[in-house]
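Listed below are the residues making up each chain.
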Amino acid sequence: MLEAKAEILIVGAGILGLTVARELIRRGADRIIIVEKESEVGLHASGRNSGVLHGGVYYTPDSLKAKSCLRGNMLMKEYCAERGIPCVENGKVIVTSREKEIPVLEELERRARANGASVEMLDEKSLREIEPAARTVGKALWVKNTAAVEPKDVLKALVKDLIRSRRVSLRFTTAFDSLLGSGKARTTKGTISFDYFVNTAGAYSDVIAHRFGLAGEYRLVPFKGIYRKLNPRTPLASQINGNIYPVPDLRNPFLGVHFSRNVRGEVYVGPTAMPAFGREHYGILRGINGEAFRFFWYDWMLFMSQPSFRRVALTEPMKYFKSRFYRDAAKLLRGLSPHDLLPSNKSGIRPQLVNRKTKKLEMDFILLRDASAVHVLNPISPAFTSSMDLAEKICDALEGRHEYKTRS
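All residue numbers refer to positions counted from 1 along the written sequence of the respective chain. In keeping with the model being predicted, local features are shown solely for residues with a pLDDT of at least 70 and side-chain atom pairs are shown and tallied solely at 80 or more, while totals for entire chains, interfaces and linings include all residues. Hydrogens and water molecules were not included; the side-chain quantities draw on all heavy atoms of the structure.

The name that an unreviewed UniProt entry assigns to the protein is L-2-hydroxyglutarate oxidase LhgO, with the source organism given as Thermodesulforhabdus norvegica. Reading the Sequence similarities (unreviewed entry) entry of the UniProt record for the protein gives the comment "Belongs to the L2HGDH family." UniProt positions are given in the numbering used here, feature names are shortened, and annotations may be inferred rather than shown by experiment. Under the Cofactor (unreviewed entry) heading, UniProt states for the protein: "FAD".

Printed below as a string of structure tokens:
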């Protein structure tokens, strides 16, 4: 096979790979090659998420998530308006199920205001005016910036933009295999020489970083999110205007089962955060491979060392059963019946990293820069929302303008 030459090689055509390529074009880059192991975009996390554009509430103000989420939200809305992509400004309410959660809700308000988000604390009466069916105890937080898009519409528009530029070559069914010395990569369809390298491989980003001799302390621990769908015939379906979320456990990076109305007017309920045994473990058994034992081992390590993870590991798998799933959902909505929840084939994998040294789940995005390469690790929620701002930061790191985490 002939060798290809690129100024910049990007691995992974998810939302980050595509937005990084778009930003590189804006900065004058040429001869960009994106390799993607699948036959099309959107088959994994970028196309399987809920489509919620988050409002910058949950993240500690000094984190990369906090610095990129709200601006990413605004940039994505602007892009959708320019391209005629439906974007519904439907907001979010975060509700409590017991009084002891109110201090956490107040901490979320503090973080939101520090991050520049538009929020308002509501009482129960005010909540009913915004989300008539939502239930809360005492207070709820209204996040006004939150919106909804169809992720695959955004991905397809970005692909069209990149192809139209004539500076980007998208190579599908082409997987990164290994590094052949400095500036050359072997793929499943030949070699590619490059001046700069960007790793946006999502659930495989840690594998690629390891092949560069980086990120030895990080390992993936995948989590599966399954959804159910609210029956469109139930009266509740017309009473949900936007997004209804629970108060999360801030010790873990999961937001809990919630209700989200998408751009088509459908209301999905989920996702769960079940420990998974494969990077593409979307079904009961489908997606389990030779890495399953290693994932089990890291799950066990976290189970033994982290009480907050232990609770996740003990409770989340039970949500395969409709009765347990319903119990969580019913805390958020008045009048919900188990019959209102329909099966759904929607599922996703959260590519969550664990730090082997600290034995903790990583809470933030991680950018590793080494010579002429940048690796984007832990691309978990709100990565889709943050993508356009995060793409700028990735390009800054590639140009050496900002020192994020370096070789480790």
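Next comes the rest of the write-up.
S.K.: Which parts of the structure should I look at to understand the nonpolar core?
M.R.: The nonpolar side chains of soluble globular proteins are, as a tendency, buried together. The criterion is simple. A nonpolar core is a set of buried Ala, Val, Leu, Ile, Met, Phe, Trp, Tyr and Cys residues joined through side-chain atoms within 4.5 Å. For every residue, the accessible area (1.4 Å probe, protein chains only) is compared with the maximum for its type, and the residue is labelled buried under 20%, exposed over 50%, or partly exposed between those bounds. Core analysis: the biggest nonpolar cluster contains 45 residues, and I10, L18, L24, I32, I34 and V154 have the highest contact counts within it. Each helix is a run of DSSP H or I of at least 4 residues and each strand a run of E of at least 2, with the numbering of both proceeding from the N terminus. Ranked by the residues each element gives to this core, the list is headed by helix α11 (residues 383-398), at nine residues. We call two residues contacting when some pair of their heavy atoms lies within 4.5 Å. Among residues more than four places away in sequence, those in contact with I32 are I8, I10, A21, L24, I25, R167, V168 and S169. Counting residues in each nonpolar core, the second largest holds 25 residues, with A4, V35, I366 and A373 among its members.

S.K.: I tried to follow the packing of aromatic side chains on my own but got confused; where do I start?
M.R.: The geometry of an aromatic ring pair comes down to the distance between the two centres and the angle between the two planes. The aromatic pairing rule takes the rings of Phe, Tyr and Trp, using the six-membered ring of Trp, and pairs them if the centres are within 6.5 Å, calling planes under 30 degrees apart stacked, those over 60 edge-to-face and the rest tilted. Enumeration over the complete set of coordinates arrives at eight aromatic pairs. Note on F194 and F197: the rings are 5.3 Å apart at their centroids and 50° apart in plane angle, and the pair reads as tilted. For the pair F194 and F197, a shared accessibility class is recorded, and that class is buried. Judged by centre distance (6.4 Å) and plane angle (90°), the rings of Y227 and Y268 are edge-to-face. You can see Y227 sitting in strand β13 (residues 218-230) and its partner Y268 sitting in strand β16 (residues 267-270), a full 41 residues away along the chain. Residues Y227 and Y268 agree in their burial class; the two are buried. Feature note: the residues F176, F194, F197 and F212 constitute an aromatic cluster, connected by ring pairs. The rule is short: NZ of Lys or CZ of Arg within 6 Å of the ring centre and within 35 degrees of the ring normal puts a charge over the ring. We note R48 situated over the ring of Y282; from NZ or CZ to the ring centre the distance is 3.7 Å.

S.K.: How should I be thinking about unusual backbone geometry in this particular structure?
M.R.: Note on backbone geometry: most residues besides glycine have negative phi, and most peptide bonds are trans. Of note, the amide linkage connecting G270 to P271 takes the cis form, showing an omega dihedral of -5°. Position of P271 among the secondary structure elements: in the loop between β16 and β17 (274-275). Of note, the amide linkage connecting S381 to P382 takes the cis form, showing an omega dihedral of 10°. Relative to the helices and strands, P382 is located in the loop between β21 (373-377) and α11. With a phi angle near 55°, R31 is a residue other than glycine that sits in the positive phi range. Along the chain, R31 turns up in the loop between α1 (15-26) and β2 (32-35).

S.K.: Is there a simple way to think about the layout of surface pockets in this case?
M.R.: The rolling of a water-molecule-sized probe over the atoms marks out the regions of remaining empty space. Buriedness of a pocket was judged along seven lines, with at least five required to meet protein on both sides within 12 Å; pockets are open sets of points on a 1 Å grid over the protein atoms alone, cavities are sets where a 1.4 Å probe fits but cannot get out, and lining residues have an atom within 4 Å of a point. Grid points are joined across faces, edges and corners, and a volume is the space filled by probe spheres set on the points. The computed volume of the second largest pocket comes to approximately 340 Å³. Lining the second largest pocket are 18 residues, and of these G47, R48, N49, E150 and K346 sit closest to its centre. Counting only elements with at least two residues in the lining of the second largest pocket, the list comes to α2 (45-48), α6 (151-165) and β18 (341-355). Start and end points for every domain follow an automatic or database-based domain assignment. Structurally, the lining of the second largest pocket is a two-domain feature, drawing no fewer than three residues from each of domain 1 (4-46 + 152-217 + 365-399) and domain 3 (219-356).

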